[in-house]
Amino acid sequence: MFVHPNQQGKGVAQQAIRQVEGLFVDAISWELATIKEEVRNCYLYEKLGFERTGVERSLNEHATLVYYKKEMAQN
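Throughout what follows, the structure given in this document is the object of discussion. (Residues numbered from 1 in each chain as written. Predicted model: local features only at pLDDT ≥ 70, side-chain atom pairs only at ≥ 80, totals over all residues. Heavy atoms only, no water.)

Concerning the nonpolar core
A general feature of soluble globular proteins is that nonpolar side chains tend to end up buried together.
Here is step 1: Core analysis: the largest hydrophobic core is formed by 10 residues, namely Ala13, Ile17, Leu32, Cys42, Leu44, Tyr45, Leu48, Phe50, Val66 and Tyr68.
Here is step 2: Breaking this core down by element, the ones donating at least two residues are α1 (12-23), α2 (39-47) and β3 (63-71).
Here is step 3: Top contributing element to this core by residue count: α2, with 3 residues.
Here is step 4: Not counting residues within four places of it along the chain, the set of residues in contact with Ala13 comprises Met1, Val3 and Leu44. (Core = buried A, V, L, I, M, F, W, Y, C linked by side-chain atoms within 4.5 Å. Buried < 20%, exposed > 50% of the residue type's maximum accessible area, 1.4 Å probe, protein only. Helix = DSSP H or I, 4+ residues; strand = E, 2+ residues; numbered from the N terminus. Contact = heavy atoms within 4.5 Å.)

Observations regarding α2
Here is step 1: Buried within α2 are the following residues: Cys42, Leu44 and Tyr45. Looking straight down α2, one finds its buried side chains confined to an arc of 160°; they lie on one side. In α2, the exposed residues that point more than 90 degrees away from the buried face are Val39, Arg40 and Tyr43.
Here is step 2: Backbone geometry just after α2 places Gly49 at a positive phi near 100°. (Arc of directions from axis to C-beta.)

Overview of the sheet that holds strand β2 (residues 51-60)
Here is step 1: Taken in spatial order, the 3 strands line up as β1-β3-β2 in an open sheet, and their pairing is antiparallel. Across the chains shown, the open sheet's two edge strands, defined by having one partner strand only, are β1 (29-35) and β2. Neighbour-to-neighbour, the strand axes of the sheet open up by a mean angle of 20°, direction not taken into account.
Here is step 2: Direction of pairing for β2 relative to β3: antiparallel, over a ladder of 6 bridges. (Pairing = 2+ DSSP bridges. Axes fitted to C-alpha atoms, helices over the stretch in contact; angles between N-to-C directions.)

Some details on the pattern of salt bridges
Here is step 1: The final tally for this structure, using the stated rule, is 5 salt bridges.
Here is step 2: Residues Glu46 and Arg52 are paired through a salt bridge, measuring 3.2 Å at the closest nitrogen-oxygen approach.
Here is step 3: For Arg52, a relative accessible area of 39% translates into the label partly exposed.
Here is step 4: One salt bridge connects Lys69 with Glu71, and the closest N-O pair in it is separated by 3.4 Å.
Here is step 5: For Glu71, a relative accessible area of 54% gives the class exposed. (Salt bridge = Lys/Arg side-chain N within 4 Å of Asp/Glu carboxyl O.)

Some details on α1
Here is step 1: The first and last C-alpha atoms of α1 sit 17 Å apart over 12 residues, in line with the 16 Å expected at 1.5 Å per residue.
Here is step 2: Every buried residue of α1 is listed here: Ala13, Gln14, Ile17 and Glu21. Seen from one end, α1 has its buried residues packed into an arc of 100°, which puts them on one side. (Expected span 1.5 Å × (residues − 1).)

The following block contains the structure:
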């Protein structure tokens, strides 16, 4: 997902993620990967309840993928 720089910081990404989660209420968990060096991305996902799995993968000297998982409450 990408949010245009003019729209960043306005809750657009949070709203989009929550809407997608709402479409799949039976999901047991959600997993994603993002660039570790993109601190704002990491903050966003952690704010939404995602936790780092501890798995990281170096892409190059400037970018490392960090993996997240969010367990969903079961009804």
